[in-house]
Every structure is written in C-alpha cells, then in structure tokens.
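Topology and contacts: notes
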Amino acid sequence: QMKSVGEVMAIGRTFKEALQKGVRSLEIGRDGLGPLTRDEKGQLKGYAPDASAAELMRVPNRDRLFAVFERLLEAERGEGTGADGGAADEAALRECSEIYDPWFVAQMQEIARFQIAIEKAGQLDAWTMRQAKRMGFSDAQIARVLNEAPDGEERGERREEREKTSQSPQLSEADVRGLRERLGVVPTYHQVDTCAAEFAAYTPYLYSSYESEGEAPPTARDKVIILGGGPNRIGQGIEFDYCCCHASFALQEMGFETVMINCNPETVSTDYDTSDRLYFEPLTLEDVLHIYQREAEGGSQVKVLVQYGGQTPLNLAAGLQAAGVPIVGTQPEAIELAEDRERFSALLAELDIPAPDSGIAHSTGQALAIAARIGYPLVVRPSYVLGGRAMAVVDDEESLRHYMSQAVDVDQEMTTSGQEVAILVDQFLEDAYEVDVDAVADGERVVIGGILQHIEEAGIHSGDSACVLPPYKISGYHLSIIREYTEKLGLALGVRGLMNVQYAIKDDVVYVIEVNPRASRTVPFVSKATGVPLAKMAAWVKAGKSLEEVGLLEEPEVRGFADTLLGPEMRSTGEVMGHAQNFGHAFAKSQLGADYRLPVDGGVLITVNDYDKGAALKLARDFSRMGFDLYATQGTAALIQRVGLPVVVLNKAATMEASLHSAGNGAYTTLDAMRDGKIGLIINTPLGPHSRADGQRIRTLATRMEIPLITTLSAAQ
C-alpha cells in the first residue's frame, strides 16, 4: 500500500553522486546522506523517547536510509563494537544487506568511508574536493562534516587561523564554495539523449557532474531561468507546476530562451517540449548558482524567476540576489517584507489595514508572553513555509508549550535557505469567513483576477478548503474593502507579477491574514473559471510589460460558478474543479469529481455547537422533508424534538472504550450508529478544544468508513 506523496529524480555519473543529489532534492532538511538527527538529549527527533537507530533499521520508515548510513559510519569509525575494524565492517555490511541489496550497501559504505577521510583531512586539496563532488557531496554537506569532525591538529590550526582573521570558527557553505572555486573544482554539464542517438535531441535533459569537460554549451540568447517546485507534497503540488509551464510559454513568445530547473519527473515542466533547456538538478542555492553561471557564459543577459514554484524557489531568492543573480519580477525585499511578521504588521498599521493581533517568537517564553497579551485560541506556525506545514490551533498554555517543544526547535532549526525559523503566533479568528484573492500588479496598477470565498470557516487551510468563485455570501460593502486593501498592498510591496492575499471577515471587519507576492495554488482555477491566463499575463509583466500592454485592465467576469478542492495545517493533495451556472450544481459536480458522493437517502447525523443550532434546525427540516432519518446528539436533538421532528438521540462518544461496550449498557453512541451502517452523512461543527477532541473520534471513523462529513454550517447549507 502506497504511503508517500511525491518523488524526485537525480542523475549523476555514478550511483553515489545520484543518490546524494536525490537526498538533497527531497527538501527534508538534508544536505546529503548523514546520520539520524537527534535533540540535545540524544533522543531521535520525531520519534518516541525510547526509539533507537536499530529499530529504525528493522522497520520501514522515512529515516531508514539514514539509519543504515549511520550504522555504516559507526562501523567505519569502529564505534559501538569491541571487535576490530574488519569484523565491525563485516557485521555492519551483513546487517545492512538484510535491508538493501549488498551492491547498494557497498556504495553507501564508500560514501561513509570518504566522509571519514574528509573529517581526518581537515584541509581539502583539489583532488579530495573533486572526489567529494564526484561522490555527490554538496558544499553545505562538506561544511557540516568538517564542523562536526573531532578536533585534530590540522582542524585546530584552521580554526585558530579563522579566529585570528575575525571569521567564525565554523565553516559555512559559502566558505566551501569559495575554496572549491579557488581550487578550480567546478561542475560540468552533460546531456541525456532523449532520442537515444536515433535523431538529433533538440531539448536534451542536462545534469551536472565533475568531469574534465562538459556538453551542450550555452547559447548567446537572452534567457530566463525558471525555478520549478521540486517534489510534489502536501502544500506544494502541480498547481505551481502549471504556473511554471505558462511562464515558460509566455516568455518564449517574447523571444526569451527559457531554462527550467526541476527535479520532479512527474511534472509537465520537465516534459521535453515545455522549455528550451531543462536541468534535472536539485533546487538548492549551490545547484542553481552553478546553472546560472553556466548559462551566463554565453555572454547573454540571464535572469531568474523565483515566484512561480511555490515556497521552494522563494527560499532561494535572498541567497541568489546576494550572489549577484538578477531576479525577474517581484524583488526578494518584497518577499522578505511579506514574510517578516513584525515588519509586515508595521506596514499594515501604516496603511490602516486591520489584521489579527500577532507576534513572533524565538522561544517558548516569548510565545507564552505573546499568548498572554493576545489570548487563546491562537494559530501558530513557523515562518518561511508553505501548505501550513507544522501549523496548528492551540487553545491553552499546555498546548502551546507542547507545540513549541515538539513541533519545531526554534533555537536550532534553519530553513534550507538559511533563514532562522521563527514561530508566528496569531490571534485565531474563530467563526470567521475566509477569502482568497489572486491579483496581478505591474508596480503602478493592481488588477484582481478573482475573489474566492472559502466554504469552510477560518481555520481550515486554503489547500483543503472548498472555495467558490465568485463569492456567494459576501456583501458588496466587504468586497469593495477587499479590493481597496488588495490594491494598497500590491502597490506598497512593489509587486510585479502575481500576488495572493488571504482575508478573514468577522463581525463586519475585514482582516488581512497574510500576503504572498507569488503564484498561489488557486491561480489555475481562477484562470480556468474566468478564461483569463493569469500566470501567462503575469509572466509578461515580470519581463517588463505593463498591465495595459498585456490587456488586463479590470477584474474578469465569472460566467457561472466554479469550485476548487482541514485545520490550519494542510492535509490533502490534489484538486478538482466543478463548473456550472449555479453554486449548488457546481459544488455537487466538484464533490463527484473528488469521488465524494453525497447520499440521496438514509440517515443524517447532526451534532453542532450552540452557535449553529438555530441554522441546523432549518437543515434538519430540509433533510426530513427529503425523507432522511435524523440522528443527533443530546443538545442538538432536544432542539429538533422541540419543533416536532422525529429524531434518534445518540450519546456522544466520550471515550473509545465506552463506545466499544455501549451495546451492553444501553448507551448507544454516534460511533455505534456509524458502525451499524445507519449514518450516510454527518454534519459536525466543533467549537472549542473539548468539542474538537470529541468530534475527532467521529471524523476518524467517518474517514475509515468513507461516510461524507461536513464540518462547517456554510458547507452544509
């Protein structure tokens, strides 16, 4: 049974090189092969306190490869065994060969052996550096290995020399890159012949290695390098690949040579006819800089587009600019301003735009202080992430402390681009409507492409929420405010290209949740619903055209309704779209497209919070008229009985143990009715920590039994 999402492909002249490139392409915080990650107590991160490396080797899991590599490293160092080196090597090989084919284990052993050679060398000469690169070691990986190596005589001398020149005693990726270039160790590029030498390959796949000479020299044409989205995963999928492809097509029409960098073999952006040149390389600062330098050798003007591939290329923007790489369209300063919560809050105050009260924390103490000022519930998440990764709603101090200690280590974790991971702490606007806006700006004008209303209320990630275009339940007054704020923000940030703004409406106040000066996952749907190619037009704008020149001067009209496909952290992948002349028809088509079939008869379980009971009563009447049997928990059932509707009263599933034994004691619960096949549809709107916990049992069983589940009243209506 498949249990993973997304994949990467890496190409090298040897298996060792390809394996290491593949590992750093995964975007899991790895710069290449290395040991398992542990916290300051020596416990494995992300696992139970008593978990061991040996257990991770025995049982398939996400870190099994690194557990095997760690075992090989220990054997090469003679750690963890009293036997001599040869016996230790033999025992490790035997253990690891029970997991992977012996040939692959031997290849990994060679990488481990060379890593130890790097540790002992201290100083790297040209031969050692070239061999390391041929084995796939990245600059960041070499810096880490040297920094973590036991102090030897040569390493101690290097540390003292760096301290004398006021440099950090710790090597950085930039230090290794500078040394490598001074030694003349630079990558060469080679092509995979897509026609197997039968015909001329006009669009060969290119990959890097460290040989004496390369292939496929760059042309003298002006070009734009487009950074793709990397591996598909929850939060970053094919919707960004759609934007990258349209950017390539648009820039080709303007006469640019387009160069695509991506490592995902399942995307359209890596098809042979999408771009003029395709580099199948990891999306890291080191690899992208190499390609930029290679393409610039032709003497032409080369720029890089970072805003279409999601968070992955955005995280590289500052590093690329610092290295002198020109960024096309919205500049990294605007991206940084939108991500920096303190500076962004100051901008909103200057523009007189409301936002939920918020703060930024680098420690548990700071988070608790912000919580004391704002009050619970709170939304907490790391900065510089996409798809709500590690994002959560916390309802009390205990939950906040647990989040800060378990979800992220704000003192030590760093993003792939080097930014310090800070925790954003925001007021949670419970029972609010959420709105997404996609717009295009050219520095002087902002034109909205589409305004999408979330069917679910605030707190459900936009990637999981159903959205409707145009909004069906937002007043003209609020829409005018949204349009005004969007224009203000686009001009103040200096956006040139696409931007996405997320709003929440609560108590007649329009709040800005966040601004993303990049392509969003809703762009393909807005483009299809309106017939206006937003990604294509925005690419023209990035390349220098004005909105007037591309013909986008006003918000497109939507001729009908379109719908896209649950907590603040995104938990789904893939999207569908339904299109019809009315909202109900469009929504039904979208649900069918997602294989989410609503029942036409049977039982409906209604269990809602106190604020929703009045509206739920109308739903109960409608379902009863349609011939459905009504089931409800005690509070909701009392209201339904008061108006004379027949309803079966069910007890809440307070604990799984109680529900398992309910048949014998007469306490028939919601879970029992679901297991007995009496429930065909569930409407459950939790509010507060206790109802969320109780509703979780219902939602878990509904997912297992594939019972349609609606968690907001707006969606139920």
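Residues numbered from 1 in each chain as written. Predicted model: local features only at pLDDT ≥ 70, side-chain atom pairs only at ≥ 80, totals over all residues. Heavy atoms only, no water.

1. Remarks on the pattern of salt bridges
Within this structure, the stated rule accounts for 30 salt bridges. D63 is paired through a salt bridge with R62; the nearest N and O atoms lie 3.8 Å apart. Judged by relative accessible area, which is 13%, D63 ranks as buried. Its salt-bridge partner being E239, residue R521 comes within 3.6 Å of it at the nearest N-O pair. Highlighted residues: R521 in the loop between β15 (509–516) and α19 (523–530) and E239 in helix α10 (residues 238–253), separated in sequence by 282 residues. One connected set of salt bridges, linked through shared partners, spans K133, D139, R180 and E286. (Salt bridge = Lys/Arg side-chain N within 4 Å of Asp/Glu carboxyl O. Buried < 20%, exposed > 50% of the residue type's maximum accessible area, 1.4 Å probe, protein only. Helix = DSSP H or I, 4+ residues; strand = E, 2+ residues; numbered from the N terminus.)

2. Observations concerning unusual backbone geometry
Residue P377 follows Y376 across a cis peptide bond; omega there is 0°. Looking at the secondary structure, you find P377 in the loop between α16 (364–374) and β8 (378–382). In this structure, P470 follows L469 across a cis peptide bond, with omega equal to 0°. Within the secondary structure layout, P470 lies in the loop between β13 (467–469) and α18 (476–493).

3. Concerning the sheet that holds strand β1 (residues 188–192)
Neighbouring strands of a sheet are bound in pairs by backbone hydrogen bonds; such pairs are parallel or else antiparallel. Pairing in this open sheet of six strands is mixed, and the strands run β1-β2-β5-β4-β3-β6 from one edge to the other. This sheet does not close on itself; its edge strands, each paired only once, are β1 and β6 (302–305). Adjacent strand axes in the sheet meet at a mean angle of 30°, parallel and antiparallel pairs treated alike. Note: strand β4 (residues 257–262) against strand β5 (residues 277–280), four bridges, orientation parallel. Residue pairing for β5: N262 is matched across the bridge by F280. Sheet contacts for helix α11 (residues 285–296): β1, β3 (223–227), β4, β5 and β6; angle to β3, the most-contacted strand, approximately 165°. (Pairing = 2+ DSSP bridges. Axes fitted to C-alpha atoms, helices over the stretch in contact; angles between N-to-C directions. Contact = heavy atoms within 4.5 Å.)

4. A few points about helix α3 (residues 64–77)
Residues three or four positions apart in an α-helix share a direction because the helix packs 3.6 residues into each turn. For α3, spanning 14 residues, the distance from its first C-alpha to its last is 20 Å, which sits close to the expected 20 Å at 1.5 Å a residue. Among the 14 residues that make up α3, eleven are buried, leaving the element largely enclosed by the rest of the structure. Restricting attention to buried positions, one finds in α3 the residues R64, L65, F66, A67, V68, F69, E70, R71, L72, L73 and A75. Immediately downstream of α3, the backbone of G78 shows phi near 75°, a positive value. (Expected span 1.5 Å × (residues − 1).)

5. What about the packing of helix α23 (residues 613–625) against helix α24 (residues 634–642)?
Between α23 and α24, the shortest axis-to-axis distance is 10 Å and the interhelical angle comes to 60°. In terms of orientation, α23 and α24 fall into the oblique class. Crossing of α23 over α24 shows right-handed handedness. For the pair α23 and α24, contact is made by K613, G614, L617 and A620 and by G635, T636, L639 and I640, respectively. (Parallel < 35°, antiparallel > 145°, perpendicular 65-115°, else oblique. Left-handed = near helix turned anticlockwise from the far one by under 90°.)

6. Re the sheet that holds β8
Taken together, the four strands give an open sheet; going across it, the order is β7-β10-β8-β9, and neighbouring strands pair in antiparallel fashion. In this open sheet, the two edge strands, each paired with only one partner strand, are β7 (358–361) and β9 (392–394). On average, each strand axis in the sheet is tilted by 25° relative to the strand beside it, whichever way the strands run. Pairing between β8 and β9: three bridges, direction antiparallel. What sits directly across from V379, in β9, is V393. This element, helix α15 (residues 341–351), spans β7, β8 and β10 (423–427) of the sheet and lies at about 160° to β7. Along the sheet face, α16 touches β7, β8 and β10 and points at about 170° away from the line of β7.

7. Details of α10
Under the 1.5 Å per step criterion, the end-to-end length of α10 is 23 Å for 16 residues, consistent within 8% with the ideal 22 Å. Within α10, burial applies to E239, F240, D241, Y242, C243, C244, C245, A247, S248, A250 and L251. Its buried side turned inward, α10 meets β3, β4, β6, α19 and α20 (534–542). Positive phi appears at G255, one or two residues downstream of α10, with a value of about 95°.

8. Thoughts on the packing of aromatic side chains
The final tally for this structure, using the stated rule, is seven aromatic pairs. Centroid distance W103 to F104: 5.3 Å. Interplanar angle 85°. Geometry classified as edge-to-face. With relative accessibility at 46%, the residue W103 sits in the partly exposed group. Centre to centre, the rings of F114 and F137 are 6.2 Å apart; their planes meet at 45°, and the pair counts as tilted. With F114 in helix α5 (residues 102–121) and F137 in the loop between α6 (126–134) and α7 (139–148), the pair connects residues that are 23 residues apart, well separated along the chain. For the pair F114 and F137, a shared accessibility class is recorded, and that class is buried. Ring pairing ties together the aromatic residues F15, W103 and F104, which thus form one cluster. When the ring centre of F66 is taken as origin, the NZ or CZ atom of R30, which lies over that ring, is 3.8 Å away. (Phe/Tyr/Trp six-rings, centres within 6.5 Å; stacked < 30°, edge-to-face > 60°. Lys NZ or Arg CZ within 6 Å of the ring centre and 35° of its normal.)

9. Points about the pairing of strand β11 (residues 433–442)
Where a strand is regular, its side chains alternate between the two sheet faces. Among the ten residues that make up β11, nine are buried, leaving the element largely enclosed by the rest of the structure. Sheet topology places β11 next to strand β14 (residues 496–506); ten bridges connect them, and they run antiparallel. By the bridge assignment for β14, E434 is matched with A504. Pairing of β11 with strand β12 (residues 446–457), which is carried by eight bridges, proceeds in the antiparallel orientation. If you follow D436 over to β12, its bridge partner there is L452.

10. Structural notes on the side chain of N264
Mapped onto the secondary structure, N264 falls in the loop between β4 and β5. For N264, a relative accessible area of 0% translates into the label buried. Setting aside residues up to four positions removed in sequence, N264 forms contacts with E7, G230, P231, N232, T270 and F280.

11. Here we look at the environment of T128
Position of T128 among the secondary structure elements: in helix α6. Each C-alpha atom of the pair T128 and I118 lies 7.8 Å from the other, and the pair is ten residues apart in sequence. A distance of 2.7 Å separates polar atoms of two side chains, one belonging to T128 and the other to D125. (Polar contact = N/O pair within 3.5 Å; in protein donor to acceptor, adjacent residues only side chain to side chain.)

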